[in-house]
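What follows is the residue order along each chain.
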Amino acid sequence: MPSKKSFSTNILDWYDLHARSLPWRSPPGVRPDPYHVWLSEIMLQQTTVATVGPYFEKFLKAWPTVHHMASAPLDDILTAWAGLGYYARARNLHKCAVVVSRDFGGVFPDDLPSLLSLPGIGPYTAAAIAAIAFDRSSTVVDGNIERIISRLYRINTPLPAAKKEITKKAAALTPEKRAGDYAQALMDIGAVICTPRRPNCGTCPAAHACAAFAKGDMEKYPVKAPKKVKPTRRALVFWLQLPDGRVLLRRRAETGLLGGMMEFPSTDWVEEAVEIEAALDSFFADERREFFGEITAGDLVRHTFTHFHLELQPVVVHVDEPGRPDLADGLWVRPADFGNYALPTLMTKVVRAVTDR
């Protein structure tokens, strides 16, 4: 098995020559702005580097410091975040900015306990900020590093049960100095060399120490538990349109899936099929329905979340009298102005399904 010194030296030597150029990253040996590290790490959770790049630059332009972000309305953050998904991250991003601005004078703390006390920052993100922004010898284990360590030691325990073992072995290899560069080097190796399929082991600085490479079974690792079958939920989503073209939007509750985002009113997301007339009867009071004109069904919208698939059936309802029906947290918006509101990707799919007909 590799020694800490020889392994980290090889990894850092490779990084000094081959480090990726990323918008939030400083050159090897140069500490980046902690605000940039924090922002990028939150964005990169469950999201690819290619997707995050433009969002990162957009956010920095709008809010160049944590004080700027803290003073911004949450709606502005959510609107700018639209399309990145996992919207709880955006809400926690704003909460964290407020805490750092108010309680830490706009300076991110450099120790793990303080970082872990901040909204939206868990063990991985705290370790990444401590290592990359402050060069603390923190053990960083993302998906890429998980794969490298699994192959390095041929860890046969399936994920996620193997996480504890992987982290322990990763900690034994983390150097005391340049821990941030070391973590980013492993991230780069996992992204461009030690890939899930067809790893390019001939160019890997860790190949000589890799047990899976020696056996030739790299793609077996990391071992993953069988995936559970995702259920499918269904709902009707109502496109209520006034004669002047305005459409009804409402805000979702702050907690839960897509919390705080804007949506078109919909029925509950359930596994049973939903019948349009019955849904209209239960969703809208009789005094509201008397203003309804033509009612038509749009094309089915499909979307996948982490734990389930969703099928939304758009129902286009032409409303005869302006201002009816009114819903709590609802407002009438022209489709041309949808971009000014925090519409999640799911709802932009609804827009396309209705307007592209």
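Residues numbered from 1 in each chain as written. Predicted model: local features only at pLDDT ≥ 70, side-chain atom pairs only at ≥ 80, totals over all residues. Heavy atoms only, no water.

Caption draft 1: How the structure looks around the nonpolar core. Within the largest apolar cluster, 107 residues are counted, with the highest numbers of intra-cluster contacts made by W38, F59, M69, F264 and L312. Aside from chain neighbours lying at most four places away, what touches L312 is A235, V237, W269, D299, L300, V301, L346, M347 and V350. Core analysis: the second largest hydrophobic core is formed by 14 residues, L242, A279, F284 and W332 among them. (Core = buried A, V, L, I, M, F, W, Y, C linked by side-chain atoms within 4.5 Å. Buried < 20%, exposed > 50% of the residue type's maximum accessible area, 1.4 Å probe, protein only. Contact = heavy atoms within 4.5 Å.)

Caption draft 2: Broad picture of the packing of aromatic side chains. One pass over the structure, following the stated rule, counts 12 aromatic pairs. Arranged with centres 5.8 Å apart and planes meeting at 35°, the rings of Y35 and W38 form a pair that is tilted. Of this pair, Y35 and W38 both sit in helix α2 (residues 34-44), separated by three residues, roughly a single helical turn. No difference in accessibility class separates Y35 from W38, as the two residues are buried. With a centroid separation of 6.0 Å and an interplanar angle of 85°, the aromatic rings of W239 and F338 are classed as edge-to-face. Taken together, the positions of W239 in strand β1 (residues 232-241) and F338 in the loop between β7 (330-333) and α15 (345-355) put the pair 99 residues apart, joining distant regions of the chain. F338 carries the same exposure label as W239, and that label is buried. Feature note: the residues Y35, W38 and F108 constitute an aromatic cluster, connected by ring pairs. Sitting above the plane of the Y153 ring, K169 keeps its charged end 4.7 Å from the centroid. A cation over a ring is seen here: R233 above F308, with NZ or CZ 4.0 Å from the ring centre. (Phe/Tyr/Trp six-rings, centres within 6.5 Å; stacked < 30°, edge-to-face > 60°. Helix = DSSP H or I, 4+ residues; strand = E, 2+ residues; numbered from the N terminus. Lys NZ or Arg CZ within 6 Å of the ring centre and 35° of its normal.)

Caption draft 3: Broad picture of the pattern of salt bridges. Evaluation of the coordinates by the stated rule reveals 14 salt bridges. Note that D75 is salt-bridged to R251, the shortest N-O span being 2.8 Å. Of the two residues, D75 sits in helix α5 (residues 74-81) while R251 sits in strand β2 (residues 247-251), which places them 176 residues apart along the sequence. A relative accessible area of 27% means that R251 is categorised as partly exposed. Via salt bridges that share partners, D16, R178 and D181 belong to a single interconnected network. (Salt bridge = Lys/Arg side-chain N within 4 Å of Asp/Glu carboxyl O.)

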